[in-house]
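Residues per chain are reported as follows:
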Amino acid sequence: MAGPGMGRLPWSPRKEVEYERMCLGVAGPLYPHSLYSSPGLCSPSLLQGFASVFSSRTSRKSIPRAEDEGAMAEGEGYRNPTEVQMSQLVLPCHTNQRGELSIGQLLKWIDTTACLSAERHAGCPCVTASMDDIYFEHTISVGQVVNVKAKVNRAFNSSMEVGIQVTSEDLCSEKQWSVCKALATFVAHRELSKVKLKQVIPRTEEEKTEHGVAAERRRMRLVYADTIKDLLARCAIQDDLDSKDYSYMVPAEKTRVESVELVLPPHANHQGNTFGGQIMAWMENVATIAASRLCRAHPTLKAIEMFHFRGPSHVGDRLVFKAIVNNAFKHSMEVGVCVEAYRQEAETQRRHINSAFMTFVVLDADDQPRKLPWIQPQPGEGERRYREASARKKIRLDRKYIVSCKQAEVPLSVPWDPSNQVYLSYNNVSSLKMLVAKDNWTLSSEISQVRLYTLEEDKFLSFHLEMVVHVDAAQAFLLLSDLHRRPEWDKHYRSVELVQQVDEDDAIYHVISPVLGGDTKPRDFVILASRRKPCDNGDPYVLAMRSVTLPTHRETQEYQRGEILCSGFCLWREADQLTKGPAPA
């Protein structure tokens, strides 16, 4: 992909005349709507300015789309070489007291399928490093079939991300349901040599999208612990213990569960280590007991927040599982589980093997969540866990609001605060990469060898420009990511003020643009700019921009507030002093 600008706009037939003017290179403002004339968008006069500076080459996109390798990959007969499928019939031995498939058993099947996919790509034994958050959408009954499909989304140096999809089907009615999706990280392991994994080559649009955002998800995993710490340090988490009805409170210590398991050969995988899926199943078991002690009913597991394996265990190890209800909200509760290992009874030091947080609800006869008792934390460590559970709930809601929404459902401007900065930055970059990865772009115009591509999808009109720049990619990235210099080459940026330097890669700017078209006053924008350097060879430099709202920069009478949903630049290094990239707007 090549070019300086890409973007996504709401689309309607009445915009066709103005759109044709843009494709023909007629100078003048784009659209009167605040989104259309945002500073991330490129006007025809700006395209001509780029054309006088950059020389262009043939685009990566061939015009006859049916001949594309990606299009062929989508066709009949293609299958990802790392894909592994497992189908299991749910028997009574797999179920819980309600006759539904035990989540612990499902986790075993998920881990097994994902491990086989990872080993198919690596060509050597692999171990589970972590399992990302899992949200369970549907329960599975006896007699139904569980279908688990896993494939490697991306390989890094010695680790890889594996995507898992779980569906269930009723063999009698032929109905199918989506149960959950999961992302697991596996590490390749060889005894005598260092592992260097081969790269995954994506072919379909879905594979390109997952490959592109995998690096951003990996970045989010690495900063997860720091995100919780920062939220607790910088934000006041409301305890509201004083306002709760103490007669309806349960001491947290009453929910505490401790259990020990001896790892036997049937619990080990084909490498002799304790099977990760078995550990996760044991963890789910003790968490369910802890949740039951609070609600005095049979709870339903709705979500798991990241299993993180901190070290291996082997046959002969004793695994100690500890669970306690950290906090109870109106209709849900969080249970924390940790796993420690020791070899001999005389050992005083135990190894921390794993930890996770599970969210349970209690359903009534109509499958609606019941109101739960409040939890009364113990002083000290109990209060710390109580506050952290509240922080995690806030992060879960932010993540669901920002990350899990479909692009069409995401508002143009999302409120910014320290609790959602990681996920908003992730969404900013991943939205741009997902837009870039789409296969059905149409070449609409070529002006001075600068190509304009468009994509009409749902209520959006997206576009990007492609060109080759005779400047090193790192240097071009450095110049483009400095928004203070943008007024030098973009007439839509009259002034730029740095509002907040969030971290090394993310910053919030207040941008003012001049009066455009029929506007009566200038526009202003509050923009989150997220930049990313390549994670690996072949990755682009990325500068993603989107609108956010800040209490310190509300709309004023002086300016008309504009908004950007998805805009930015992607730059690939073609050779020394030669850069290829699309710039989304």
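About the criteria used
- Residues numbered from 1 in each chain as written.
- Predicted model: local features only at pLDDT ≥ 70, side-chain atom pairs only at ≥ 80, totals over all residues.
- Heavy atoms only, no water.
- Helix = DSSP H or I, 4+ residues; strand = E, 2+ residues; numbered from the N terminus.
- Buried < 20%, exposed > 50% of the residue type's maximum accessible area, 1.4 Å probe, protein only.
- Contact = heavy atoms within 4.5 Å.
- Areas by Shrake-Rupley, 256 points an atom, 1.4 Å probe, with all protein chains shown as cover.
- Phe/Tyr/Trp six-rings, centres within 6.5 Å; stacked < 30°, edge-to-face > 60°.
- Lys NZ or Arg CZ within 6 Å of the ring centre and 35° of its normal.
- Salt bridge = Lys/Arg side-chain N within 4 Å of Asp/Glu carboxyl O.
- Arc of directions from axis to C-beta.
- Polar contact = N/O pair within 3.5 Å; in protein donor to acceptor, adjacent residues only side chain to side chain.
- 1 Å grid on protein atoms, 1.4 Å probe; cavity = no way out; pocket = protein on both sides within 12 Å on 5 of 7 lines; lining within 4 Å.
- Points joined across faces, edges and corners; volume = space filled by probe spheres on them.
- Nonpolar A, V, L, I, M, F, W, Y, C, P; charged D, E, K, R; others polar.
- Core = buried A, V, L, I, M, F, W, Y, C linked by side-chain atoms within 4.5 Å.
- Pairing = 2+ DSSP bridges.
- Axes fitted to C-alpha atoms, helices over the stretch in contact; angles between N-to-C directions.
- Parallel < 35°, antiparallel > 145°, perpendicular 65-115°, else oblique.
- Left-handed = near helix turned anticlockwise from the far one by under 90°.
- Expected span 1.5 Å × (residues − 1).

- Per an unreviewed UniProt entry, the protein chain is named Acyl-coenzyme A thioesterase 11 isoform X3, and its organism is Castor canadensis.

1. Considerations on the overall build of the protein chain
Alright, step 1. The number of helices and strands found in the protein chain is 10 helices and 25 strands.
Alright, step 2. In the protein chain, which comprises 585 residues, the proportion classed as buried is 56%.
Alright, step 3. When contacts within the protein chain are restricted to residue pairs at least 6 apart in sequence, long-range pairs at least 24 apart make up 70% of them.
Alright, step 4. In the form shown here, the protein chain has an accessible surface area of approximately 26300 Å², with 50% of it arising from carbon and sulfur atoms.

2. With respect to the packing of aromatic side chains
Alright, step 1. Summed over all chains, the structure comprises 3 aromatic pairs.
Alright, step 2. When the ring of W282 is compared with that of F321, the centres are 5.7 Å apart and the planes differ by 70°; the resulting orientation is edge-to-face. You can see W282 sitting in helix α7 (residues 276-295) and its partner F321 sitting in strand β11 (residues 318-328), a full 39 residues away along the chain.
Alright, step 3. Here W282 falls in the buried class, since its relative accessible area comes to 11%.
Alright, step 4. Among the residues examined, F321 registers a relative accessible area of 1% and is labelled buried.
Alright, step 5. Between the aromatic rings of F477 and Y541, the centroid separation amounts to 5.0 Å while the plane-to-plane angle is 40°, which identifies the pairing as tilted. Separated by 64 residues along the polypeptide, F477 in helix α10 (residues 473-480) and Y541 in strand β22 (residues 541-549) bring together distant segments of the chain.
Alright, step 6. A relative accessible area of 5% places F477 in the buried class.
Alright, step 7. With relative accessibility at 10%, the residue Y541 sits in the buried group.
Alright, step 8. In this structure, R218 is placed above the aromatic ring of F156, and the distance from its NZ or CZ to the ring centre is 4.5 Å.
Alright, step 9. When the ring centre of F357 is taken as origin, the NZ or CZ atom of R392, which lies over that ring, is 3.5 Å away.

3. What to know about the pattern of salt bridges
Alright, step 1. Overall, the coordinates contain 29 salt bridges when judged by the stated rule.
Alright, step 2. Between E216 and R219 there is a salt bridge; the shortest N-O distance is 4.0 Å. Of this pair, E216 and R219 both sit in helix α5 (residues 205-222), separated by 3 residues, roughly a single helical turn.
Alright, step 3. A salt bridge links R451 to E446; the shortest N-O distance between them is 3.7 Å.
Alright, step 4. On the accessibility criterion, R451 (15% relative accessible area) is buried.
Alright, step 5. Three or more residues are tied together by salt bridges with common partners; here these are D132, E161, E210, R217 and R221.

4. Regarding α10
Alright, step 1. Of the residues making up α10, those classed as buried are A473, A476, F477 and L480. Looking straight down α10, one finds its buried side chains confined to an arc of 100°; they lie on one side.
Alright, step 2. Of the residues that open α10, the one with a side-chain oxygen 3.1 Å from the backbone nitrogen of A474 is D472.

5. What about the side chain of Q278?
Alright, step 1. Mapped onto the secondary structure, Q278 falls in helix α7.
Alright, step 2. Discounting residues that sit within four places of it in the chain, Q278 has contacts with K108 and H267.

6. Observations concerning the layout of surface pockets
Alright, step 1. As a volume, the second largest pocket reaches approximately 1000 Å³.
Alright, step 2. Along the walls of the second largest pocket sit 38 residues, with Y224, H308, R310, S355 and F357 positioned nearest its centre.
Alright, step 3. Its residues assigned to classes, the lining of the second largest pocket shows 17 nonpolar, 8 polar and 13 charged.

7. Points about the nonpolar core
In a soluble, globular protein the nonpolar side chains are often hidden away together inside.
Alright, step 1. Residues M160, I164, F307, M333 and V335 are the most contacted members of the largest nonpolar core, which totals 74 residues.
Alright, step 2. Looking at this core element by element, the count peaks at 10 residues for α7.
Alright, step 3. The contact partners of I164, leaving out residues within four places of it in the chain, are I110, A114, M131, V148, K149, A150, C180, K181, A182, L183 and A184.
Alright, step 4. Within the second largest apolar cluster, 19 residues are counted, among which are A473, A507, L543 and I564.

8. Quick word on the pairing of strand β5 (residues 145-155)
Alright, step 1. Most of β5 sits inside the fold, with 10 of its 11 residues counted as buried.
Alright, step 2. As paired strands, strand β2 (residues 84-89) and β5 are joined by 6 bridges and run antiparallel to one another. Following the sheet pairing, S87 is matched in β5 by N147.
Alright, step 3. As defined by bridge partners, β5 adjoins strand β6 (residues 159-169) across 10 bridges and the pair is classed as antiparallel. In the sheet register, A155 faces β6, and the bridge partner there is M160.
Alright, step 4. Once β5 ends, the chain turns through 3 residues before running back antiparallel as β6.

9. Some remarks on the packing of helix α4 (residues 103-122) against α7
Alright, step 1. Close contact between α4 and α7 brings their axes to 8 Å; oriented N to C, the two are set at 160°. What the angle tells us is that α4 and α7 run roughly antiparallel. The two elements α4 and α7 cross, and the hand of that crossing is right-handed. Between α4, through I103, G104, L107, K108 and D111, and α7, the contact on the second element is made entirely by G276, G277, Q278, M280, A281 and E284.
Alright, step 2. Its residues assigned to classes, the contact of α4 with α7 shows 4 nonpolar, 4 polar and 3 charged.

10. Digging into the side chain of T454
Alright, step 1. Positionally, T454 belongs in strand β17 (residues 450-457).
Alright, step 2. There is a polar contact of 2.8 Å between the side chain of T454 and the side chain of S444.

11. Here we look at α7
Alright, step 1. Between its first and last C-alpha, α7 extends 29 Å over 20 residues, near the 28 Å set by a 1.5 Å rise per residue.
Alright, step 2. Extensive coverage of α7 is indicated by the burial of 16 of its 20 residues.
Alright, step 3. R296 sits one or two positions beyond α7 and adopts a positive phi of about 55°.

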